[in-house]
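Structural overview
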Amino acid sequence: MKLLVTGGTGYIGSHTAVLLMQAGHEVVLWDNLSNSSARVVDRMAMILRERPLLVIGDVRDRAALDALFAHQGFDAVIHFAGLKAVGESVERPLLYYEHNVQGTLTLLQAMAAAGVRLFVFSSSATVYGDPASVPIREDFPRAATNPYGRSKIIVEDILADLITADPTWRIARLRYFNPVGAHESGLIGEDPRGTPSNLMPYICQVAVGRRPQLRVFGDDYETPDGTGVRDYIHVVDLAAGHVQALDYLVGKAGLLTVNLGTGRGYSVRDLIASFARAAGRPIPYVIEPRRPGDIATCYADAQAAQRLLGFRALRDLDRMCADAWRWQQQNPHGYDG
Ligand code: NAD
Ligand code: UD1
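Let us look at the structure shown here. All values derive from a computational prediction rather than experimental measurement.

What counts and what doesn't
Residues numbered from 1 in each chain as written. Chains lettered and ligands numbered in written order. Predicted model: local features only at pLDDT ≥ 70, side-chain atom pairs only at ≥ 80, totals over all residues. Heavy atoms only, no water. Salt bridge = Lys/Arg side-chain N within 4 Å of Asp/Glu carboxyl O. Buried < 20%, exposed > 50% of the residue type's maximum accessible area, 1.4 Å probe, protein only. Helix = DSSP H or I, 4+ residues; strand = E, 2+ residues; numbered from the N terminus. Near = heavy atom within 4 Å. Polar contact = N/O pair within 3.5 Å; in protein donor to acceptor, adjacent residues only side chain to side chain. Areas by Shrake-Rupley, 256 points an atom, 1.4 Å probe, with all protein chains shown as cover. Nonpolar A, V, L, I, M, F, W, Y, C, P; charged D, E, K, R; others polar.

A separate point is the pattern of salt bridges. For the structure on display, the rule yields 20 salt bridges. Across the pair Arg60 and Asp58 runs a salt bridge whose closest N-O atoms are separated by 2.7 Å. For Arg60, a relative accessible area of 30% puts it in the partly exposed group. Classification of Asp58 by relative accessible area gives buried; the value is 15%. For Arg175, the salt bridge goes to Glu156, with nearest N and O atoms at 2.8 Å. Taken as a pair, Arg175 in strand E6 (residues 170–176) and Glu156 in helix H6 (residues 147–165) lie far apart in primary sequence, 19 residues in all.

Structure representation (structure tokens):
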């Protein structure tokens with residue numbers, strides 16, 4: 001198939017585009033480079049021995065999208081483009097709704113006008129808010145605790161309305177748990193701008209000497225060791241889930257909603273220990289108060305993805321840390337370092 005991958009130079013988009021091309025699809029990347037580097041494409045070309053086309057553009061730009069669709073004749077769109085920093089979304093809600101909701105709406109309108117009706121959307125486990133129990137199933141109630149999460153819920157609802165109005169659409173709402181790690185080549189990986197707010201990139205920067213120590217946000221949660229528990233999933237496993245979701249939608253019109261996680265939870269201390277083994281050095285840390293808005297435990301019931309897509313996360317925590325470390329060591333200052 002010929003695929004448009006929005007946000008295709010970003011962390012998850014770049015890994016997914018590599019797997020999509022390796023599965024035989026033709027890929028065009030569409031990104032405004034607000035949170036990524038065009039150099040990602042050189043790295044992808046080194047892995048693939050083939051260069052994906054990058055078109056610099058914004059999903060809020062209807063005229064540019066119309067021109068792109070008229071030119072390219074896409075079969076489907078995989079939509080990663082958007083803003084994802086929870087704290088920033090609280091400070092700048094209108095910006096988040098503009099990129100994540102209006103941007104997605106504009107993209108869907110351009111697709112509808114061009115007659116492209118296969119869409120894969122990056123949703124998040126954040127739509128579950130603070131779940132009443134774990135593991136989290138797809139039919140659990142959704143509740144946003146911040147504008148970022150609400151933007152994901154709003155788009156999920158727009159997509160459901162679209163299918164109701166026109167059942168010939170084929171739409172996947174993929175709810176990612178905590179994507180970490182990097183491609184095994186060490187050529188592409190996560191390269192956050194500024195201070196990382198997520199755990200794994202922060203640990204990576206401590207290990208490589210860019211930051212003195214990790215701050216562990218709370219050790220008094222009701223978890224086995226007191227630190228927060230999450231469902232970390234290797235980004236390449238997550239990317240493979242997109243290839244499988246696309247295959248599923250080719251065979252079946254309608255709405256697919258699945259968790260993409262491993263079904264296992266690990267604590268902050270587990271991650272620190274696994275990373276220290278991978279890097280062969282200790283990760284210094286201090287215990288600090290809880291981070292506002294954090295929950296104790298979050299992990300997926302991953303059975304629906306397995307049943308419907310044949311999805312299975314293959315890479316364990318040690319592999320996630322080893323691959324994240326290889327990327328960080330080879331690129332201590334990311335793509336532009
Ligand atoms: P990322 O920031 O690395 O990638 C997003 C890409 O979109 C960036 O390259 C950025 O430049 C681009 N972009 C942003 N706004 C745009 C716009 N208006 N037009 C065109 N391009 C634009 O983030 P990521 O971690 O790869 O996340 C991809 C998607 O997955 C996002 O929608 C995010 O909300 C979702 N998600 C991510 C996580 C996670 O932990 N990383 C978890 C759940 C869901
Ligand atoms: C965060 C977002 C969530 C988003 C997810 C995926 C918040 C409140 N939530 O989730 O909406 O979908 O990322 O990217 O930001 N931790 C530390 N020290 C750090 C960083 C994190 O101890 O420097 C702890 C956290 O308290 C948590 C765990 O590590 O227990 C994971 O944190 P993080 O990587 O930020 O992911 P989430 O909080 O799960």
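To continue, consider unusual backbone geometry. Residue Val134 is joined to Pro135 through a cis peptide bond whose omega torsion reads -5°. Even without being a glycine, Leu33 presents a positive backbone phi close to 60°. Mapped onto the elements, Leu33 comes out in the loop between strand E2 (26–31) and helix H2 (40–48).

This paragraph deals with the site of ligand 2. Around ligand 2 there are 17 residues in total, and Leu199, Arg215, Arg230, Arg291 and Asp294 lie nearest to it. Arg215 places a main-chain nitrogen or oxygen 2.6 Å from a nitrogen atom of ligand 2. For ligand 2, whose free accessible area comes to 740 Å², the fraction covered by protein is 86%. Top element by residues in the shell around ligand 2 is strand E8 (residues 214–217). It accounts for 4 residues. Class assignment for the residues of the shell around ligand 2 results in 7 nonpolar, 6 polar and 4 charged.

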